[in-house]
Amino acid sequence: QVQLVESGGGLVQAGGSLRLSCNASGRTFSTYAMGWFRQAPGKEREFVATISGFGLTYYTDSVKGRFTISRDNAKNTVYLQMNSLKPEDTAVYFCATRERFSYSSSAQEYDYWGQGTQVTVSS
């Protein structure tokens, strides 16, 4: 069993920055891939960023150049640094892990999910 807990969300003005954290506990492995997804009211869950067990990263086009995913295996934690935030980034952000080395942009391929943290960007 794996437990994931997100933190770091909040209210920020457009152009500002936030760093989200996701701490993993339970039966975790440093080589498992991790991902960040987000969901706005009335919309489906959307892929944001992913990182493989070896540190390779991939992002959705709308956040490229603004967001950075990273991991600290010693702390069992994955981060999402969000810069130049826009109102359209407003959503609940979820972290997830899958029992594979390779990253994935598909929510269906992830095995464990956190509870989510709210990010609100004002104009």
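Above this text you will find the structure in question.
Residues numbered from 1 in each chain as written. Predicted model: local features only at pLDDT ≥ 70, side-chain atom pairs only at ≥ 80, totals over all residues. Heavy atoms only, no water.

*Asks:* Can you walk me through the overall build of the protein in this structure?
*Replies:* Check the secondary structure of the protein and you find zero helices and eleven strands. Counting from the amino terminus, the protein carries its helices and strands in the arrangement β-β-β-β-β-β-β-β-β-β-β. Taking the principal axes of its C-alpha atoms as reference, the protein extends roughly 40 × 30 × 25 Å. Per-residue burial for the protein yields a buried fraction of 41% across its 123 residues. Counting only contacts in the protein whose residues sit at least 6 apart along the sequence, the fraction spanning at least 24 positions is 59%. (Helix = DSSP H or I, 4+ residues; strand = E, 2+ residues; numbered from the N terminus. Buried < 20%, exposed > 50% of the residue type's maximum accessible area, 1.4 Å probe, protein only. Contact = heavy atoms within 4.5 Å.)

*Asks:* Is there a simple way to think about the side chain of S21 in this case?
*Replies:* Within the secondary structure, S21 is located in strand β3 (residues 18-26). When its relative accessible area of 16% is taken as the criterion, S21 is described as buried. Sequence-distant contacts of S21, defined by excluding residues within four places in its chain, comprise V5, E6, S7, W36, T77, V78 and Y79.

*Asks:* Could you clarify how one ought to interpret the nonpolar core in this entry?
*Replies:* Across soluble globular proteins, nonpolar side chains show a tendency to be buried alongside one another. In terms of nonpolar packing, the biggest core is built from 25 residues, with W36, V48, F67, I69, L80, M82 and Y93 touching the most fellow members. Contributing elements (two or more residues each) for this core: β1 (2-7), β3, β4 (33-39), β5 (46-51), β7 (67-72), β8 (77-82), β9 (91-98) and β11 (117-122). Contact partners of Y93, with chain neighbours within four places excluded, come to E6, L20, W36, F37, R38, V48, F67, L80, M82, G116, T117 and V119. (Core = buried A, V, L, I, M, F, W, Y, C linked by side-chain atoms within 4.5 Å.)

*Asks:* Just to check I follow, could you spell out the packing of aromatic side chains for this structure?
*Replies:* How two aromatic rings sit relative to each other is set out by the distance from centre to centre and by the angle between their planes. Overall, the coordinates contain seven aromatic pairs when judged by the stated rule. On the basis of an interplanar angle of 80° and a centroid distance of 5.3 Å, the ring pair of F37 and Y110 is categorised as edge-to-face. Linking F37 in strand β4 with Y110 in the loop between β9 and β10 (112-113), this pair joins segments that are 73 residues apart in sequence. Y110 gets classed as buried once you look at its relative accessible area, which sits at 6%. By way of ring pairs, the aromatic residues F37, F47, Y58, Y103, Y110 and W113 are connected into one cluster. When the ring centre of F94 is taken as reference, the NZ or CZ atom of R45 above it lies at 3.9 Å. Its end group placed over the ring of W113, R45 keeps NZ or CZ at 4.8 Å from the ring centre. (Phe/Tyr/Trp six-rings, centres within 6.5 Å; stacked < 30°, edge-to-face > 60°. Lys NZ or Arg CZ within 6 Å of the ring centre and 35° of its normal.)

*Asks:* So what exactly am I meant to see when it comes to the pattern of salt bridges here?
*Replies:* Pairing between side chains of opposite charge can happen when their charged atoms approach one another. What the rule picks out here adds up to five salt bridges. Residues R38 and D89 are paired through a salt bridge, measuring 2.9 Å at the closest nitrogen-oxygen approach. A residue pair is termed long-range when its members are at least 10 positions apart, and R38 in strand β4 and D89 in the loop between β8 and β9 qualify at 51 residues. Looking at R38, the relative accessible area reads 5%, which means it is buried. (Salt bridge = Lys/Arg side-chain N within 4 Å of Asp/Glu carboxyl O.)

*Asks:* Even after reading the chapter, I still don't get the pairing of β8, so can you show me in this structure?
*Replies:* Each regular strand carries side chains that alternate between the two faces of the sheet. Within β8, five of the six residues are buried, which leaves the element mostly enclosed by the surrounding structure. The sheet contact formed by β3 and β8 spans six bridges and is antiparallel. For L18, the partnering residue across the bridge sits in β8 and is M82. As paired elements, β7 and β8 share six bridges and run antiparallel to each other. By the bridge assignment for β8, T68 is matched with Q81. Taking the residues between adjacent antiparallel strands as the criterion, β7 and β8 are bridged by four residues, where N76 takes a positive phi near 50°. (Pairing = 2+ DSSP bridges.)

So, to be careful, I would describe these as geometric facts and stop short of saying anything about function.
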